[in-house]
Amino acid sequence: QIFVEGGGALPTSPAIWNDLWNSAFSFGLGAGMSIFPWLEVNGGFSTMTFSLNSLQAKSVMRYQGIEEVEGGAVSATQFYGTARFIAVPKSRTNPYAEATAGYFSSSAEDVVIEGVLVNSMEDVSGLSMGGAAGIQYALGDYWTAYTKYNYIVNFTDNFIKPNYTTNLTGIG
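Since we're looking at a predicted model, the values are computed, not measured. (Residues numbered from 1 in each chain as written. Predicted model: local features only at pLDDT ≥ 70, side-chain atom pairs only at ≥ 80, totals over all residues. Heavy atoms only, no water.)

Draft legend 1. Geometry of the pairing of strand E6 (residues 93-108). Two strands pair when backbone bridges link them, and strand E5 (residues 74-86) and E6 are joined in this way by 13 bridges, in the antiparallel orientation. Paired with Thr-82 across the strands is Thr-100, a residue of E6. Counting the residues between successive antiparallel strands, the hairpin from E5 to E6 contains six residues, one of them, Lys-90, with a positive phi of roughly 65°. The sheet contact formed by E6 and strand E9 (residues 124-138) spans 14 bridges and is antiparallel. Counted as the bridge partner of Tyr-96 is Gly-134 from E9. (Pairing = 2+ DSSP bridges. Helix = DSSP H or I, 4+ residues; strand = E, 2+ residues; numbered from the N terminus.)

Draft legend 2. Spotlight on the environment of Gly-30. With respect to the helices and strands, the residue Gly-30 is situated in strand E2 (residues 24-36). Given the relative accessible area of 15%, Gly-30 is considered buried. Separated by 16 residues in the primary sequence, Gly-30 and Ser-46 place their C-alpha atoms 8.6 Å from one another. (Buried < 20%, exposed > 50% of the residue type's maximum accessible area, 1.4 Å probe, protein only.)

Draft legend 3. Inspection of a negative patch on the surface at higher detail. Side chains of Glu-67, Glu-68, Glu-70 and Glu-114 sit close together on the surface and give a patch of like negative charge. Summarising the element assignment, Glu-68 is placed in the loop between helix H2 (54-60) and strand E4 (69-71). (Patch = residues over 30% accessible without salt bridge, like charges linked within 9 Å, V, L, I, M, F, W, Y side chains within 5 Å. Areas by Shrake-Rupley, 256 points an atom, 1.4 Å probe, with all protein chains shown as cover. Salt bridge = Lys/Arg side-chain N within 4 Å of Asp/Glu carboxyl O. Lys, Arg positive; Asp, Glu negative; His and termini not counted. Charge placed at Lys NZ, Arg CZ, Asp CG, Glu CD.)

Draft legend 4. Summary view of a nonpolar patch on the surface. Together, Met-33, Ile-35, Phe-36, Trp-38, Val-41 and Phe-85 make up an exposed nonpolar region whose accessible area comes to about 560 Å². For the nonpolar patch, the element with the most residues is E2, which contributes three residues. Inspection of the secondary structure puts Trp-38 in the loop between E2 and strand E3 (39-50).

Draft legend 5. Here's a closer look at the sheet that holds E6. A sheet is described by the order of its strands in space; here seven strands give the open sequence E1-E2-E3-E5-E6-E9-E10, paired in antiparallel fashion. Both edges of this open sheet fall to strand E1 (2-9) and strand E10 (144-155), since each of them pairs with a single strand only. On average, each strand axis in the sheet is tilted by 25° relative to the strand beside it, whichever way the strands run. (Axes fitted to C-alpha atoms, helices over the stretch in contact; angles between N-to-C directions.)

Draft legend 6. Representation of the side chain of Asn-42 in the model. By the element assignment, Asn-42 lies in strand E3. Owing to a relative accessible area of 8%, Asn-42 belongs among the buried residues under this scheme. Of note is the side chain of Asn-42, whose polar atom sits 2.8 Å from the side chain of Gln-1. Here Asn-42 is in contact with Gln-1, Phe-3, Ala-31, Gly-32, Met-33, Tyr-80, Gly-81 and Thr-82, once residues within four sequence places are set aside. (Polar contact = N/O pair within 3.5 Å; in protein donor to acceptor, adjacent residues only side chain to side chain. Contact = heavy atoms within 4.5 Å.)

Dropping the structure here:
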């Protein structure tokens, strides 16, 4: 089987991630096979880019000038494998659960307030684990549509450790 996925990606934690970055659109591709009628294994790739909430960033940095906050988008890529457990095999409508393990990599643009501050973040990568619950519906013999709630945890000690270069004149 071959699949194409798309959906919303919501940043949740650490708190700074949830507060300062907007949700993103996630796009994924993958392939897999059915081992048993109740078990599928898949491998895939997904990518998303979270944009910086510039108004919230200004508030957190306590900057009150008129210069715009620019940049700061964080891109994340994940390579993963899943085991999908199908609750009602060979039925047209099937609830299912997935276990996911993989590798993630993220990179960020510099956050810039012209003439005042440049904040850069290191690229980060590591182990990624998660789970999902969903429902799939057979559209025909070869086509299936599905929806799922997927929760992924990326493990790293280096996530969002900023490196500041500041010009203190102009910071409110």
